[in-house]
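# Breakdown of the fold
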Amino acid sequence: DGENPAVPRSLVPARKVALITGITGQDGSYLTELLLSKGYEVHGLIRRSSNFNTQRLDHIYHDPHAVPSTPRPPLRLHYADLSDSSSLRQALDTIQPDEVYNLAAQSHVAVSFEIPDYTADVTATGALRLLEAVRLSRKPIRYYQAGSSEMFGSTPPPQSEDTPFHPREAYGLFACNGVLFNHESPRRGENFVTRKITRAVGRIKVGLQTKVFLGNLTAARDWGFAGDYVEAMWLMLQQDQPGDYVVATEESHTVEEFLQAAFGYAGLDWKDHVVVDKKYFRPAEVDSLKGDSSKARRELKWKPKVGFQQLVEMMVDNDIELANKEKVL
Ligand code: GDP
């Protein structure tokens, strides 16, 4: 069939396989033509519809100028949906693509205001579902995501890759976004690092345990007191205009510094008790956080009342008391 019999099959470069979501759309159909012209095997995902929705592809299947003996192009369509994770996994499993082009979306801006929930599910969570399927695939896959210039919102032009996204202010709602840096207290969940440490300090202090297993000790965080931070939440809603605010102490400490402060306050040396366990390292780590809360300080007249050392002491005191109660039980 045109192959050179002198070349062993294993030396013929394998035809690349592409999967296109949104293949029935404008870009999907052009991309299909392009990839077919480059010798790809092309697969597309289509949604079930009560009407035919493959009009933009029909000419590829039924080329009116093709002589009857022309082989059909290597183009296959599969039923799947970005709202259905298992259908995506199944599709990747069957197709084993080298490249995935995610062009599927609820892409119409005006319609997104009519069906916001569906739009977020298909366009945002849908990309996540597909990426998860890509991640779990045994074969390495290259992924293309169709983003949108709509993401720039009201940010003035020209917009580049470094331009911040600006969500739309659509309905004049009084809605604020508080970007609260880490905020802790004696009520902090016990698997967050500060509370994990102070719980351990308490239990070690009263003899209930000797070791604590932690991950990355070099990470730095801007740790404030939760009680101060809820005040900032309230203040945001008392303003004349809604706004977005960073809430932070503007002071950053490493996990090791927290250990030092917490064990030190209890009269212990953290090095005698801490064991680093790789299990607590993260696939991706934010190394260092330190907030700039000048807008909140200026407009809300907010500032933190509890400092780092005071926060640590408050948590350790609480957890020594708690450990003493545990011991009695
Ligand atoms: P996050 O900043 O919201 O992730 O708050 P966490 O308190 O969970 O983590 C703060 C930092 O402590 C991160 O950089 C973690 O990697 C680091 N860390 C080190 N050891 C641990 C641990 O055993 N548990 C947790 N939760 N974080 C740890």
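Refer to the structure above for everything that follows.
All residue numbers refer to positions counted from 1 along the written sequence of the respective chain. Reporting of local features is limited, given that this is a predicted model, to residues whose pLDDT is at least 70; pairs of side-chain atoms are given and counted only at 80 or more, and all residues count toward the totals for whole chains, interfaces and linings. Hydrogens and water are ignored here; the side-chain numbers use all heavy atoms of the structure.

For the rest of this paragraph, the subject is the overall build of the protein. Across its full length, the protein holds 10 helices and 13 strands. The C-alpha atoms of the protein give a radius of gyration of 28 Å, which is well past the 20 Å a tight globule of 329 residues would have. By its C-alpha atoms, the protein is 90 × 55 × 40 Å across when sized along the principal axes. Under the scheme applied here, a residue whose accessible area is under 20% of the maximum for its type counts as buried, over 50% as exposed, and between as partly exposed, the area being computed with a 1.4 Å probe on protein chains only. Counting only residues that meet the buried cut, the protein has 34% of its 329 residues in that class. A sequence separation of at least 24 residues applies to 77% of the contacts in the protein between residues at least 6 apart. Accessible surface computed for the protein: about 20600 Å², of which carbon and sulfur atoms make up 53%. Charge separation in the protein, taken as the distance between the mean sites of 38 positive and 43 negative side-chain charges, equals 5 Å. Working definition: helices are DSSP H or I runs of at least four residues, strands are E runs of at least two. Numbering for both runs from the N terminus. Radius of gyration means the value over C-alpha atoms here, while the globule rule gives 2.2 Å times the residue count to the 0.38 power. For this analysis, residues touch if any pair of their heavy atoms sits within 4.5 Å. Under the convention used here, a 1.4 Å probe and the Shrake-Rupley method define accessible areas, while residue burial counts only the protein chains that appear. All tallies of charge rest on Lys and Arg as positive and Asp and Glu as negative; His and the ends of each chain are not included. By convention, the charge on Lys lies at NZ, on Arg at CZ, on Asp at CG and on Glu at CD.

Glancing now at the pattern of salt bridges. One side-chain nitrogen of Lys or Arg within 4 Å of one carboxyl oxygen of Asp or Glu is enough to make a salt bridge. This model, assessed by the stated rule, comprises 14 salt bridges. Between Asp-93 and Arg-138 there is a salt bridge, with the nearest N and O atoms lying 3.4 Å from each other. Residue Asp-93 is located in helix 3 (residues 85-95), and its partner Arg-138 is located in the loop between helix 5 (116-136) and strand 5 (142-145); the two are separated by 45 residues in the primary sequence. Exposure remark for Asp-93: the relative accessible area of 46% places this residue in the partly exposed category. Between Arg-135 and Glu-132 there is a salt bridge, with its nearest N and O atoms 2.9 Å apart.

When we say a residue is near a molecule or strand, we mean one of its heavy atoms is within 4 Å of it. Lining the immediate surroundings of the ligand are 15 residues, of which Lys-196, Gly-215, Arg-221, Arg-282 and Glu-285 lie closest. In the analysis that follows, any N or O atom pair within 3.5 Å is treated as a polar contact, provided that within protein one partner can donate a hydrogen and the other can accept it, and provided that, for residues neighboring in sequence, both atoms belong to side chains. Within the backbone of Val-193, an N or O atom sits 2.9 Å from an oxygen atom of the ligand. Measuring from an oxygen atom of the ligand, one finds a side-chain N or O atom of Arg-221 at 2.7 Å. Relative to its unbound accessible area of 530 Å², the ligand is 87% covered by the protein chains. Of all elements in the fold, only helix 6 (193-205) and strand 8 (212-214) reach the threshold of two or more residues within the shell around the ligand. Residue classes in the shell around the ligand are distributed as seven nonpolar, four polar and four charged. Think of it as three bins: nonpolar holds Ala, Val, Leu, Ile, Met, Phe, Trp, Tyr, Cys and Pro, charged holds Asp, Glu, Lys and Arg, and polar takes everything else, Gly as well.

On to the environment of Glu-114. For Glu-114, the position within the fold is in helix 4 (residues 109-114). On the basis of relative accessibility, which here comes to 64%, the residue Glu-114 falls in the exposed class.

Quick look at the packing of aromatic side chains now. Given two aromatic rings, their pairing is described by the distance between the two centres and the angle made by the two planes. A pair of Phe, Tyr and Trp rings is counted when the ring centres sit within 6.5 Å of each other, with Trp represented by its six-membered ring. The angle between the planes then sorts it: under 30 degrees is stacked, over 60 is edge-to-face, the rest tilted. In this structure the tally under the stated criterion is seven aromatic pairs. Centre to centre, the rings of Tyr-101 and Tyr-144 are 6.1 Å apart; their planes meet at 40°, and the pair counts as tilted. With Tyr-101 in strand 4 (residues 99-102) and Tyr-144 in strand 5, the pair connects residues that are 43 residues apart, well separated along the chain. What links up through ring pairs into an aromatic cluster is the set Trp-223, Phe-258 and Phe-308. We count a charge as sitting over a ring when the NZ of a lysine or the CZ of an arginine lies within 6 Å of the ring centre and within 35 degrees of the ring normal. The lysine or arginine in question, Arg-188, covers the ring of Phe-192, its NZ or CZ lying 3.7 Å from the ring centre.

Our focus in this paragraph is the environment of Phe-263. Checked against the element boundaries, Phe-263 lands in helix 8 (residues 255-265). Take Phe-263: its relative accessible area is 0%, and that puts it in the buried class. Spatially, the C-alpha atom of Phe-263 lies 56 Å from that of Ile-20, the residues being 243 residues apart in sequence.

A few words now on helix 1 (residues 26-37). Think of an α-helix as turning once every 3.6 residues; residues three or four places apart then point the same way. In a helix, the anticipated span is given by 1.5 Å times the number of residues less one. With 12 residues, helix 1 should reach 16 Å at 1.5 Å per residue; the first-to-last C-alpha distance of 17 Å fits that figure. Restricting attention to buried positions, one finds in helix 1 the residues Gly-28, Ser-29, Leu-31, Thr-32, Leu-35 and Leu-36. Buried residues of helix 1, seen end-on, are gathered within an arc of 165° and therefore sit on one face of the element. Facing away from the buried side of helix 1 by over 90 degrees, the exposed positions are Gln-26, Tyr-30 and Ser-37. Our arc is simply the arc of the directions from the helix axis toward the C-beta atoms.

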